[in-house]
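# Structural features, examined
Residues per chain, in single letters:
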Amino acid sequence: MNGHKTPPPPPSTPAEENGQQGVELGLDLGSKTAGGGSLTRGDVVVLAIRLLCMATSVTAMWFMVTARQVSAASFYGFQLQLHSKWSFSYSFEYLVGVTATATAYSLVQLLIAASRLLLRKSPVIPSRNQAWLLFAGDQILAYAMMSAGSAASGVTNLNRTGIRHTALPNFCKSLDSFCDHVAVSIAFTFFSCVMYGAAAVQDVIWLSNH
């Protein structure tokens, strides 16, 4: 049987082989570089929540530690000198301690995230173990913020309404600046609680996707 045989393709020259390998190598390196140093949407959400957690914690702590005032109140016709300061109440001291701890925690997490993104070119949450640790820390701080805000709210409400069946006045009428600072601090404490709860939810989302 006679047939036409297809001639084999001409052998590629060394220059062509090197050029093809160079293109493939360049494409491969380019894809790795783009994937390793890029900032994903999840990383942006995590960083934004961490920034909000630290901002609300710092604000709550600052308003509380600046809550102090000297004034006078009338009690049965007598003028009484009133000295108010956040450190006179254990509940307010507890709130300052919790917000300071939360601020330090958020700052450390932001520094670690920045070092991973800028220096190591790795994601903000590199592993499931790290995600579980973040989830535990965020939950603890969310409950601690709720506890601190609730404890401080009871003392503030007592200052505003006085004590029933007694002639104690509404101290916040005379200590308006002090009570306003405390009220803003408590509001940001509860807002920070919401932010740490959102951070815990974000940790769960990351764990469910990895």
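In this text, all values refer to a predicted model and were calculated from it rather than measured experimentally.

## Focus: the UniProt feature "transmembrane region" (unreviewed entry) in the chain
- UniProt records the feature "transmembrane region" (unreviewed entry) for residues 44-65, 94-119, 131-152 and 183-207 in the present numbering.
- Split by type, residues 183-207 is 100% helix and 0% strand. Its first and last C-alpha atoms lie 37 Å apart.

## Considering the nonpolar core
- Ranked by size, the top nonpolar core spans 39 residues in total, and within it Met64, Phe92, Val124, Ile125, Phe178, Val182 and Tyr196 carry the most contacts.
- Listed by contribution, the elements that provide at least two residues to this core are helix H2 (41-65), helix H3 (90-120), helix H4 (128-161) and helix H6 (176-209).
- Ranked by residues supplied to this core, first place goes to H6 with ten residues.
- Once residues lying within four places of it in the same chain are set aside, the contact partners of methionine 64 are Trp86, Phe92, Leu95, Val96, Val182 and Ser185.

## Describing the packing of aromatic side chains
- Applying the stated criterion to the full structure yields four aromatic pairs.
- Seen in terms of ring centroids, tyrosine 105 and tyrosine 196 are 6.4 Å apart; in terms of plane orientation they differ by 45°. Their pairing is tilted. Pair noted here: tyrosine 105 is in helix H3 and tyrosine 196 is in helix H6, with a separation of 91 residues, a long-range link. The exposure classification of tyrosine 105 matches that of tyrosine 196, with both residues buried.
- Each ring, one from tryptophan 132 and one from phenylalanine 135, has its centre 6.0 Å from the other, and the planes form 80°; the classification is edge-to-face. Of this pair, tryptophan 132 and phenylalanine 135 both sit in helix H4, separated by three residues, roughly a single helical turn.

## Section: a nonpolar patch on the surface
- On the surface, Tyr143, Met146 and Phe190 cluster together to form a nonpolar patch covering roughly 310 Å² of accessible area.
- As for its position among the elements, tyrosine 143 is in helix H4.
- Given the relative accessible area of 55%, tyrosine 143 is considered exposed.

## Considerations on the pattern of salt bridges
- Within this structure, the stated rule accounts for two salt bridges.
- We note a salt bridge from aspartate 203 to arginine 50, for which the minimum N-O separation is 4.0 Å. A residue pair is termed long-range when its members are at least 10 positions apart, and aspartate 203 in helix H6 and arginine 50 in helix H2 qualify at 153 residues.
- What makes aspartate 203 buried here is its relative accessible area of 1%.
- For arginine 50, a relative accessible area of 4% translates into the label buried.

Rules of the game
Residues numbered from 1 in each chain as written. Predicted model: local features only at pLDDT ≥ 70, side-chain atom pairs only at ≥ 80, totals over all residues. Heavy atoms only, no water. UniProt positions renumbered as here; feature names shortened; annotations may be inferred. Helix = DSSP H or I, 4+ residues; strand = E, 2+ residues; numbered from the N terminus. Core = buried A, V, L, I, M, F, W, Y, C linked by side-chain atoms within 4.5 Å. Buried < 20%, exposed > 50% of the residue type's maximum accessible area, 1.4 Å probe, protein only. Contact = heavy atoms within 4.5 Å. Phe/Tyr/Trp six-rings, centres within 6.5 Å; stacked < 30°, edge-to-face > 60°. Patch = residues over 30% accessible without salt bridge, like charges linked within 9 Å, V, L, I, M, F, W, Y side chains within 5 Å. Areas by Shrake-Rupley, 256 points an atom, 1.4 Å probe, with all protein chains shown as cover. Salt bridge = Lys/Arg side-chain N within 4 Å of Asp/Glu carboxyl O.

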